[in-house]
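Structure at a glance
Listed below, chain by chain, are the residues.
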Number of protein chains: 2
Amino acid sequence: MTRTSADQTLEQLASAHSAFEKARSVTPSTRAAWLEAVAAALEEHGDELIHIAKRETHLEENRLGFELKRSIFQLRLFAEEIVRGENLDATIDHADPSWGMGPRPDIRRAKVPLGVVGVFGASNFPFAFSVMGGDTASALAAGCAVVHKIHDGHLELGLRTGEIAMDALTAAGAPVGLFSTVAGRQSAELLVEHPLVKAIGFTGSTAGGRALFNKASARPTPIPFYGELGSINPVFVTEQAWALRKKEILAGYAGSFTMGMGQFCTKPGLLFAPVNETAQFTQILTTELAGKQVAPLLSSRLRQGFDQALAEVAAFEGVDVLVKGNEAEAPRPSVLITTADTVRERPELLELEMFGPATLVIGYAPGANLSELASLLDGQLTSTVHAEPDENVADLLTVLQEKSGRVVWNAWPTGVTVSYAQHHGGPYPATTSNTTSVGTAAISRFMRPVAFDSFPEAQLPPALQDMNPWNIRRRVDGQWEEPSRRAG
Amino acid sequence: MTRTSADQTLEQLASAHSAFEKARSVTPSTRAAWLEAVAAALEEHGDELIHIAKRETHLEENRLGFELKRSIFQLRLFAEEIVRGENLDATIDHADPSWGMGPRPDIRRAKVPLGVVGVFGASNFPFAFSVMGGDTASALAAGCAVVHKIHDGHLELGLRTGEIAMDALTAAGAPVGLFSTVAGRQSAELLVEHPLVKAIGFTGSTAGGRALFNKASARPTPIPFYGELGSINPVFVTEQAWALRKKEILAGYAGSFTMGMGQFCTKPGLLFAPVNETAQFTQILTTELAGKQVAPLLSSRLRQGFDQALAEVAAFEGVDVLVKGNEAEAPRPSVLITTADTVRERPELLELEMFGPATLVIGYAPGANLSELASLLDGQLTSTVHAEPDENVADLLTVLQEKSGRVVWNAWPTGVTVSYAQHHGGPYPATTSNTTSVGTAAISRFMRPVAFDSFPEAQLPPALQDMNPWNIRRRVDGQWEEPSRRAG
């Protein structure tokens, strides 16, 4: 298996740093053109990449095609965002002798890129959270250089995606080294430890992510570790919604937890519902699940982990198997069931992630306090409520906001659109930060603010010059000013 | 000496959490009224507080008066800021079936407060970075509850400021426990370790701050530790500026490094200048310093640390004493001098903070590369350049931006205005984060984003409802929308 040597990794880090220094001051339009060049190259090589991805990950072609399209779209959206200057948070306070606390000097602030960023790709999204996924795209958009550690689960795809991206960047005029890939554990550790690396983007397991977070925090100079470590994603169904829409809800549930063979970090792993009988309930679920296509999991290692986690949950006293999957190479989905009393007694049951096509139903008794049940949960990427529009679920929503990064109403958490308002994050252990790894807000994670105090116009960076040469939106003396309308 | 017991601290933490839960959803105007009530109370009790502060800190009355005025202004500015909703980052993406990567659900994001925040006051700013200083004001403005650990250096002032603030909050209708104070080391450790505490704001020493940062990062659930740990604040004078304005620059330098007896975290501790003779140079500095009033340092502990640091720097081979202070209870200022070659050989000399009225001049030879010298520096809160407006100092400015949070042009770093554009932060060891502890941007440190996916209007929080009941500025489908004009 390909492994990048330590010497080679160090050389790439030095080259990334030198590329960062060359590229740090290019205009937003130049940087945007680099992102667009990568997008165009991925589009051009789409068939080839999907072909490799299918072989390496067992994911189906349509899904892979959608994921690649999403990654390409993301690069283009981020390119637009940086041309608008939204990531810069440009703020200007002119000198003000009558400022309330005493005379104010001229002070202006904008964000600057951090430097070299190490990105760890995830196994379960070989495009969207991998080599040219959200972390890489946002770090490059921020103005950083990226060394990407390819996930072992799709090494060939990672290498090929990396080559295509590097060629596209070079052809577009970006300095060599601005983006590169490494493989293997030794390189991974070097990324987290090396003084030239200023931040880490990571998507992966809680155990692995926490170990790297600890390393990043213990460095002589600690660095931010933006880790997305996974989530169980509880779903709460109110009694009213259950009475009115049980069948529809269970159909959605079955579709969501089996999507991508349940290998989504937003897979709904818990369903709190007022289940008062199991015969009809099991029948609906069995019918819904019968039609689902199955495939092998991403890797034999993940499969082993899934089998173990499923067995561990099933072995809990008070947990029963409602729909039994199987142990074929392409496993059929499993549904387990327990009671609210069981999880009240042993809330640790709510923290066991079964990464694959399995989920746990928690039947609650009529009149149960859903916000009290929700308060047993750990931090989550998402929480979902199925309720009627006029129901008073304020207390439940308050707890779910406290526990999660995204709250979903009468829909399903799988599928995370890339947009301005998206937030893909959440309290620990869902992530190790208060930031998002999806959407335009992800860009500024890889930047830091710098204030310029009493500078003459000619010495200011363009983003902060009075003449506003980049034509970006800025806050001036407390008021936001719109840029003049753009051509096109 | 007053020490809060462990039981009492735990009780205050529980009470803070319960107050946070009661107060989390109040309108921005209600919360703003609470901040304004504290501001008015501090104003009302100003004379009493300054009297206590003077006795406990040896700082002069004018300076203390200004510091209190600044803290009061800060509370009012933050009150305005939250009424405008600037801290919420409210973003709305309506459902869009033609979104580039595939249909987009309705998704909306706003920031919510973190919960209970622990704040550690600094000794050197008994108002501005203490009980009702920037960290407390920003955490309360964010919607958090605060338990403030009073600095031992001004315990009586801290307790009295706390009482005044608590009374004002209660009288204004805020829930009991939203703000309280503790004292002593045991309480300090409880703040950092307790599961109910969701973030720490800290201003203090590098050693103490790093130890607490390590604790915060090693918790089962790590929390952000916003630590401002200090800085040496280098000043670079170009040959041109030196030739034209040596006397003026040295006068400014002498004023800045002795301000508040040199006990500012933005004190200019290093001056890089093309010193080619010492006689006239020493004479100018001696004259400038002769007129400075002196006072005892904040505490005997700080005084001991200052004497040690000064002795340590003076003992370096290649460092000479240019202006000798003295060892009186109110010590006169000291100026040390060395050469660029010495710091090139032993750059660790640039990392020794002398917290008090002392500074180190680094004489460089004609033609020296200032950006190369700057690259020897560690992370800083501020860096300063004295140059002529049309000089090309781009390389130096690039390095200083990389090394510091605020770059000052032909002015002095002491004095940090509270405004929209201010950034008081900087790379480690200046701080442990990429955020600011001064200015309106400090508020959102104590918040995290939550996305609401597919919610009906009636179930959305007010900040995200289409009707915009709080009348705040929001980004809607990628475009920023101004609120309608406010009355008043």
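Residues numbered from 1 in each chain as written. Chains lettered and ligands numbered in written order. Predicted model: local features only at pLDDT ≥ 70, side-chain atom pairs only at ≥ 80, totals over all residues.

1. Examining the overall build of chain A
The number of helices and strands found in chain A is 14 helices and 17 strands. Against the globule reference of 23 Å for 488 residues, chain A gives a C-alpha radius of gyration of 24 Å, in line with a compact fold. With the C-alpha coordinates aligned to their principal axes, the bounding extent of chain A is approximately 75 × 60 × 45 Å. Across the 488 residues of chain A, 56% fall into the buried class. Put simply, 74% of the contacts in chain A that link residues at least 6 apart link residues at least 24 apart. (Helix = DSSP H or I, 4+ residues; strand = E, 2+ residues; numbered from the N terminus. Rg over C-alpha atoms; globule rule 2.2 N^0.38 Å. Buried ≥ 20, exposed ≤ 12 C-beta atoms within 10 Å, placed from the backbone. Contact = placed C-beta atoms within 7 Å.)

2. A closer look at the sheet that holds strand 4 (residues 145-150) of chain B
All names here are of chain B. Strand order across the open sheet formed by five strands is 5-4-3-6-7, with parallel pairing between neighbours. Each end of this open sheet is capped by a strand with a single partner; those strands are strand 5 (179-183) and strand 7 (225-228). For this sheet, the mean inter-axis angle between neighbouring strands, taken without regard to orientation, is 15°. Where strand 6 (residues 197-203) and strand 7 come together, four bridges link them in parallel fashion. (Pairing = 2+ DSSP bridges. Axes fitted to C-alpha atoms, helices over the stretch in contact; angles between N-to-C directions.)

3. Points about the packing of helix 2 (residues 28-44) of chain A against helix 6 (residues 155-171) of chain A
Residue and element names in this part refer to chain A. Interaxial distance between helix 2 and helix 6 falls to 8 Å at its minimum, and their mutual angle equals 135°. Here helix 2 lies oblique to helix 6, going by the angle between them. The interaxial crossing formed by helix 2 with helix 6 has right-handed handedness. Contacts from Trp-34, Ala-37, Val-38, Ala-41 and Leu-42 in helix 2 reach Ile-164, Ala-165, Asp-167, Ala-168, Leu-169 and Ala-171 in helix 6. Of the residues in the contact of helix 2 with helix 6, the class split is 10 nonpolar, no polar and one charged. (Parallel < 35°, antiparallel > 145°, perpendicular 65-115°, else oblique. Left-handed = near helix turned anticlockwise from the far one by under 90°. Nonpolar A, V, L, I, M, F, W, Y, C, P; charged D, E, K, R; others polar.)

4. A short note on the relation of the copies chain B and chain A
Its rotation angle being 180°, the transformation that places chain B on chain A also includes 0.0 Å of axial translation and leaves an RMSD of 0.0 Å. In short, the pair behaves as if placed about a two-fold rotation axis. In terms of C-alpha distance to the rotation axis, chain B has Ser217(B) as its closest residue, with the C-alpha 3.3 Å off the axis. (Least-squares fit on C-alpha atoms with pLDDT ≥ 70 in both.)

5. Some remarks on the domain arrangement of chain A
Residue and element names in this part refer to chain A. Split into domains, chain A comes out as domain 1 (6-229 + 434-481) and domain 2 (234-409). With centres defined by C-alpha atoms, the gap from domain 1 to domain 2 works out at 35 Å. The partner domain 2 presents nine residues to the nine residues of domain 1 that form the contact. Of the residues assigned to the side of domain 1 that touches domain 2, the class counts are one nonpolar, five polar and three charged. (Domains from an automatic or database assignment.)

6. Points about helix 6 (residues 155-171) of chain B
Residues and elements named next belong to chain B. Over its 17 residues, helix 6 extends 24 Å from the first C-alpha to the last, a length consistent with the 24 Å expected when each residue adds 1.5 Å. Listed in full, the buried residues belonging to helix 6 are Leu-157, Gly-158, Thr-161, Gly-162, Ala-165, Ala-168 and Leu-169. Take helix 6 and look down its axis: the buried residues cluster within an arc of 135°, on one side only. Those residues of helix 6 hidden inside the fold are in contact with helix 2 (28-44), helix 3 (46-57), strand 4 and strand 5. (Expected span 1.5 Å × (residues − 1). Arc of directions from axis to C-beta.)

7. Overview of the interface of chain B and chain A
One frequent convention defines the size of an interface as the accessible area lost when the parts assemble. Taken together, the 59 residues of chain B in the interface contact 59 residues of chain A. Elements that contribute at least two residues to the side of chain B that touches chain A include exactly helix 4 (61-84), strand 1 (91-93), strand 2 (107-113), helix 14 (394-403), strand 14 (404-409) and strand 15 (447-453) of chain B. Of all the elements, strand 15 of chain B adds the most residues to the side of chain B that touches chain A, at six residues. Partitioning the side of chain B that touches chain A into residue classes produces 28 nonpolar, 19 polar and 12 charged. Of the pairings in the sheet, the one linking strand 14 (residues 404-409) of chain A to strand 15 of chain B comprises three bridges and is parallel in character. Bridge assignment links Arg406(A) to a residue of strand 15 of chain B, and that residue is Ala451(B).

8. Quick look at helix 11 (residues 300-314) of chain B
Residues and elements named next belong to chain B. Between its first and last C-alpha, helix 11 extends 21 Å over 15 residues, near the 21 Å set by a 1.5 Å rise per residue. Along helix 11, the residues that are buried comprise Phe-306, Leu-310 and Val-313. Along the axis of helix 11, the buried positions cluster into a sector of 70°, meaning they face one direction only. Exposed side of helix 11, more than 90 degrees from the buried face: Ser-300, Arg-301, Gln-304, Gln-308 and Ala-311 are the residues found there.

9. Here's the deal with the sheet that holds strand 6 (residues 197-203) of chain A
Residue and element names in this part refer to chain A. Here five strands make up an open sheet; going across it, the order is 5-4-3-6-7 and the pairing parallel. One side of each edge strand has no neighbouring strand; the edge strands of this open sheet are strand 5 (179-183) and strand 7 (225-228). In this sheet, adjacent strand axes meet at a mean angle of 15° when their direction is disregarded. For strand 3 (residues 116-120) and strand 6, the ladder comprises five bridges, and the chain directions are parallel. Bridge pairing in strand 6 places Gly-118 opposite Ile-200. Across the sheet, helix 7 (residues 185-193) touches strand 3, strand 4 (145-150), strand 5 and strand 6, and the angle it forms with strand 4 is around 145°.

10. Some remarks on the pairing of strand 2 (residues 107-113) of chain A
All names here are of chain A. With six of seven residues buried, strand 2 is to be regarded as a mostly interior element. Judged from the three bridges that link them, strand 1 (residues 91-93) and strand 2 form a sheet pairing that is antiparallel. Along strand 2, the bridge assignment pairs Ile-92 with Arg-108.

11. So, the packing of helix 3 (residues 46-57) of chain A against helix 4 (residues 61-84) of chain A
All names here are of chain A. Their axes nearest at 10 Å, the elements helix 3 and helix 4 cross at an angle of 130°. By the criterion of interaxial angle, the relationship of helix 3 to helix 4 is oblique. Of the two possible hands of crossing, helix 3 and helix 4 adopt the one that is right-handed. Along its contact with helix 3, which presents Gly-46, Leu-49, Ile-50, Ala-53 and Lys-54, the element helix 4 presents Glu-61, Leu-64, Gly-65 and Leu-68. Class assignment of the residues belonging to the contact of helix 3 with helix 4 gives a composition of five nonpolar, two polar and two charged.

12. Here's the deal with the environment of Glu391(B)
All names here are of chain B. For Glu-391, the position within the fold is in the loop between strand 13 (380-386) and helix 14. Exposure remark for Glu-391: the 15 C-beta atoms within 10 Å place this residue in the partly exposed category. Counting along the chain gives 150 residues from Glu-391 to Ala-241, while the straight-line C-alpha distance between them is 9.4 Å. When residues no more than four places from it in sequence are discounted, the contact partners of Glu-391 are Thr-238 and Gln-240.

13. Side note on unusual backbone geometry
For residues other than glycine, phi is negative in most cases, and the peptide bonds are mostly trans. Here Tyr428(A) and Pro429(A) are connected by a cis peptide whose omega angle stands at 5°. Along the chain, Pro429(A) turns up in the loop between strand 14 and strand 15 (447-453). Positive phi values are uncommon outside glycine, yet Asn471(B) reaches one of about 55°. Along the chain, Asn471(B) turns up in the loop between strand 15 and strand 16 (474-476). By the C-beta count within 10 Å, which is 16 here, Asn471(B) ends up partly exposed.

14. Here we look at the pairing of strand 3 (residues 116-120) of chain B
All names here are of chain B. Strand 3 sits mainly inside the fold: five of its five residues count as buried. Inspection of the sheet shows strand 3 paired to strand 4 by five bridges, in the parallel sense. By the bridge assignment, Val-116 is partnered in strand 4 with Ala-145. After leaving strand 3, the chain enters helix 5 (residues 134-142) and then returns to the sheet as strand 4, a path that is right-handed. (Right-handed = clockwise from strand over helix to strand, strands pointing away.)

15. Concerning the environment of Leu400(B)
All names here are of chain B. Among the structural elements, Leu-400 can be located in helix 14. The sequence separation of Leu-400 and Ser-371 amounts to 29 residues, and the corresponding C-alpha distance is 8.1 Å. In this view, Leu-400 contacts Ala-374, Ser-383, Val-385 and Val-407; residues no more than four positions away in its chain are not counted.

16. Some words on the environment of Lys22(B)
All names here are of chain B. As for its placement among the helices and strands, Lys-22 is situated in helix 1 (residues 6-23). On the neighbour-count criterion, Lys-22 (15 C-beta atoms within 10 Å) is partly exposed. In the structure, Lys-22 is positioned 384 residues away from Arg-406 in sequence and 38 Å away in space, judged by C-alpha atoms.

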